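Notes for the structure review
Spelled out, the chains give:
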Amino acid sequence: MATKIQAVKGTREFYPEQMALRNFINDKVRAASESFGYTEWDAPFIEPIALYAAKSGEELVKKQSFVFTDRGGDEVTLRPELTPSLARMIAAKQGELTFPVRWWSFGPFWRYEQPQKGRAREFFQWNIDLLGADSSEADAELIAVAATFLRSVGLDPARAAIFVNDRRLMISQFDALSIPPEKRIEVSNLVDRRSKMEESKWDASALELGLTQSQLDGLKSILGNYDLWKESAELVRLFAALDVLGVKEYVKFDPNIVRGLLYYTGTVFEAFDVSGSVRRAILGGGRYDNLLADVGGQPLPAVGFAMGDVVIGIILQEAGLVPEFSPSPASVLVTVFDDSLRLQSLALTTELRRAGINAMVYPEPAKLPKQFKFADKMKMKVAVTIGPDEAANGQVAVKSLRTGEQVIVTREAAVGTIQKILA
RNA sequence: GCGGCUGUAGCUCAAUGGCAGAGCGCCACACUGUGGAUGUGGAUGUUGUGGGUUCGAAACCCAUCAGCCGCCCCA
């Protein structure tokens with residue numbers, strides 16, 4: 001008995017309809033990236049686990065990686081993120097690359113997580129980074145790329161928004177409250193969780209962390225102050241740049257955005273669907289000026305972000321923004337009337353292909369209703385028939401499946417007639 | 001890794017311990033040279049999987065797998 005082997009937990013099978021969505025996202029990602037002058041690149045899909053041990057955080061390495069020992073005895077993992085590979089590849093050619101470097105990538109990643117809506121163990125991720133510039137305008141450019149993508153897929157500012165903050169600003173505010181430097185990470189993590197917790201519980205956690213009541217009050221007033229960006233020279237410059245980049249309506253300052261990753265040093269941002277059912281970030285990123293030096297390269301400022309395909313895919317489907325799926329890339333079906341005429345149908349199909357038309361021929365003689373039903377289900381636009389009458393007169397029957405109109409034309413005029421219908 | 005909910009026809013779901021069903025879809029025919037509409041007929045299945053309780057289990061119990069929700073983490 002054949003045993004059914006299931007797909008691995010947390011993976012997705014891409015039937016043609018899902019593949020079309022993946023390609024749609026990929027196409028828009030490419031267009032947004034290239035419109036700002038970014039070049040496509042990629043890294044290996046398997047990497048030494050040690051690559052992530054340095055900077056990615058224990059959670060990611062110990063609990064969320066697909067680790068295994070290869071036949072040579074080396075510990076390797078399916079890549080859980082791209083940035084460490086980027087840092088290595090940049091560092092290796094730091095002397096010969098032309099900076100600033102603008103690179104983007106769209107490829108598969110794996111994380112051993114509990115799968116649920118918006119989260120899979122195997123997913124595709126867009127990464128885009130600008131290395132070698134530390135200006136607010138560089139930060140603004142990445143945010144503008146993100147906004148350009150959101151706009152290009154049809155998500156308007158009422159539906160999707162990018163929230164921005166700056167870690168430098170938050171640190172100066174923490175300092176003003178006399179929050180000790182060693183508590184910054186814990187306080188940041190607490191800020192990160194605030195939107196998911198009840199206020200009283202959140203207050204209690206803050207006090208448990210060792211904050212005084214007046215520090216807590218001060219922190220809450222910071223997190224409620226949406227004009228705080230005016231105190232940051234960097235953010236003032238950033239918003240001025242976003243204005244002339246034409247994406248200001250997508251971007252809002254939010255002091256509650258801090259992001260979990262350790263390596264961010266300045267601007268941080270996250271995009272959310274503000275009206276749908278998915279409560280997860282669409283994309284997230286920021287400035288990470290220390291990473292290159294941390295992996296052994298020369299110090300190099302950098303800014304970038306990443307977007308997974310799962311959340312954006314759900315949002316696009318919910319919003320009805322996915323283009324209608326076309327079951328076949330062929331727009332023309334050539335029917336096969338009977339056994340004696342099948343070669344004529346094959347020959348005509350070949351002619352259509354040589355004229356640049358995607359065309360398929362029914363693979364065997366069958367009742368015409370069956371063949372027409374097939375063409376209809378495949379959403380093809382034209383059905384062509386060569387029956388005994390047409391064959392005897394050197395003609396073909398060309399039917400537009402959209403209008404239902406059929407014309408009999410000479411064999412020589414067939415290609416031109418079909419081209420006219422498809423135009 | 002932890003806690004909860006769910007799993008029945010291709011899909012959406014019904015059947016609360018007593019013969020496993022409906023709608024949609026699918027196939028055939030009406031229609032031997034033409035799709036969408038309509039009508040008539042037909043097939044759906046190891047009730048996720050394995051065990052247990054019971055005269056009898058889709059239902060109750062245990063285990064396991066998967067999906068979903070939450071925690072953790074994050075794209």
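Small disclaimer: the values here were computed from a predicted structure and weren't measured.

Here three strands make up an open sheet; going across it, the order is β2-β4-β3 and the pairing antiparallel. The sheet terminates laterally at β2 (46-48) and β3 (66-69), the two strands that pair on one side only. Pairwise comparison of adjacent strand axes, ignoring direction, gives a mean angle of 35 degrees for this sheet. Here β3 runs beside strand β4 (residues 75-78); their pairing, made up of four bridges, is antiparallel. From the neighbouring strand, F66 faces β4, where its bridge partner is L78.

This brings us to the domain arrangement of chain A. Here the domain parsing of chain A yields domain 1 (16-43 + 82-318) and domain 2 (332-422). Computed over C-alpha atoms only, the centres of domain 1 and domain 2 are separated by 53 Å.

Lining the immediate surroundings of RNA strand B are 46 residues, of which K117, R119, K367, F372 and L401 lie closest. Considering RNA strand B, the proportion of its atoms within 4 Å of the protein that are sugar or phosphate atoms stands at 51%. For RNA strand B, a base nitrogen lies 2.6 Å from a polar atom in the side chain of Q406. Elements supplying a minimum of two residues to the surface near RNA strand B: β6 (122-131), β10 (281-287), β11 (302-308), α14 (368-377), α15 (388-393) and β15 (395-400). Looking at side-chain class alone, the surface near RNA strand B contains 16 nonpolar, twelve polar and 18 charged residues.

The next thing to look at is the pairing of strand β5 (residues 101-110). Along β5, nine of the ten residues are buried, which leaves the element largely enclosed by surrounding structure. Pairing geometry for strand β1 (residues 39-40) and β5, over two bridges, is parallel. Bridge pairing links E40 to W104 in β5. In this structure, β5 lies alongside β6, joined through ten bridges in antiparallel fashion. Counted as the bridge partner of W104 is I128 from β6.

Attention now moves to the packing of aromatic side chains. This model, assessed by the stated rule, comprises twelve aromatic pairs. Judged by centre distance (5.9 Å) and plane angle (85 degrees), the ring pair of F14 and F124 falls under edge-to-face. Here F124 lies in strand β6 and F14 lies in the segment before α1 (16-35), a separation of 110 residues in the sequence. Its relative accessible area of 26% is what places F14 among the partly exposed residues. Taking the centre distance of 6.1 Å and the plane angle of 50 degrees together, the rings of F163 and F272 count as tilted. Of this pair, F163 sits in strand β7 (residues 160-166) while F272 is found in strand β9 (residues 267-273), placing the two residues 109 residues apart along the sequence. A residue is classified by how much of its surface remains accessible, and F272, at 22% relative accessible area, is partly exposed. An aromatic cluster of at least three residues, connected via ring pairs, comprises W126, F149, F269 and F305. Positioned above the aromatic ring of F109 is the side chain of R79, whose terminal nitrogen or guanidinium carbon lies 4.1 Å from the ring centre.

Bringing the sheet that holds β7 into the picture now. Spatially, the eight strands line up as an open sheet ordered β1-β5-β6-β11-β10-β9-β7-β8, and their pairing is mixed. Each of the sheet's edge strands pairs with one partner strand only, and the pair in question is β1 and β8 (251-253). In the sheet, β7 pairs with β8 via three bridges, with the strands oriented parallel. Counted as the bridge partner of I162 is V251 from β8. Contacting β5, β6, β9, β10 and β11, helix α12 (residues 309-318) crosses the sheet at an angle of about 55 degrees to β11.

For α1, with 20 residues, the first-to-last C-alpha span of 28 Å sits near the 28 Å given by 1.5 Å per residue. Listed in full, the buried residues belonging to α1 are L21, R22, F24, I25, V29, A32 and S33. All buried residues of α1 lie within an arc of 155 degrees about the axis, which places them on one face of the element. Within α1, the exposed residues directed more than 90 degrees away from the buried face are P16, E17 and S35. Taken together, the buried residues of α1 touch β5, β6, α5 (136-152), β11 and α12. Looking one or two places after α1, you find G37, whose phi comes out positive at around 85 degrees.

Here we take up the packing of helix α6 (residues 167-176) against helix α7 (residues 184-193). Interhelical geometry of α6 versus α7 gives an angle of 110 degrees and a closest axis separation of 12 Å. Of the possible angle classes, the one that applies to α6 and α7 is roughly perpendicular. For the element pair α6 and α7, the recorded crossing hand is right-handed. Residues I171, F174 and D175 of α6 touch α7, and the partners they reach there are R184, V187 and S188. The residue inventory of the contact of α6 with α7, partitioned by class, reads three nonpolar, one polar and two charged.

Definitions and limits used
- Residues numbered from 1 in each chain as written.
- Chains lettered and ligands numbered in written order.
- Predicted model: local features only at pLDDT ≥ 70, side-chain atom pairs only at ≥ 80, totals over all residues.
- Heavy atoms only, no water.
- Pairing = 2+ DSSP bridges.
- Helix = DSSP H or I, 4+ residues; strand = E, 2+ residues; numbered from the N terminus.
- Axes fitted to C-alpha atoms, helices over the stretch in contact; angles between N-to-C directions.
- Domains from an automatic or database assignment.
- Near = heavy atom within 4 Å.
- Polar contact = N/O pair within 3.5 Å; in protein donor to acceptor, adjacent residues only side chain to side chain.
- Nonpolar A, V, L, I, M, F, W, Y, C, P; charged D, E, K, R; others polar.
- Buried < 20%, exposed > 50% of the residue type's maximum accessible area, 1.4 Å probe, protein only.
- Phe/Tyr/Trp six-rings, centres within 6.5 Å; stacked < 30°, edge-to-face > 60°.
- Lys NZ or Arg CZ within 6 Å of the ring centre and 35° of its normal.
- Contact = heavy atoms within 4.5 Å.
- Expected span 1.5 Å × (residues − 1).
- Arc of directions from axis to C-beta.
- Parallel < 35°, antiparallel > 145°, perpendicular 65-115°, else oblique.
- Left-handed = near helix turned anticlockwise from the far one by under 90°.

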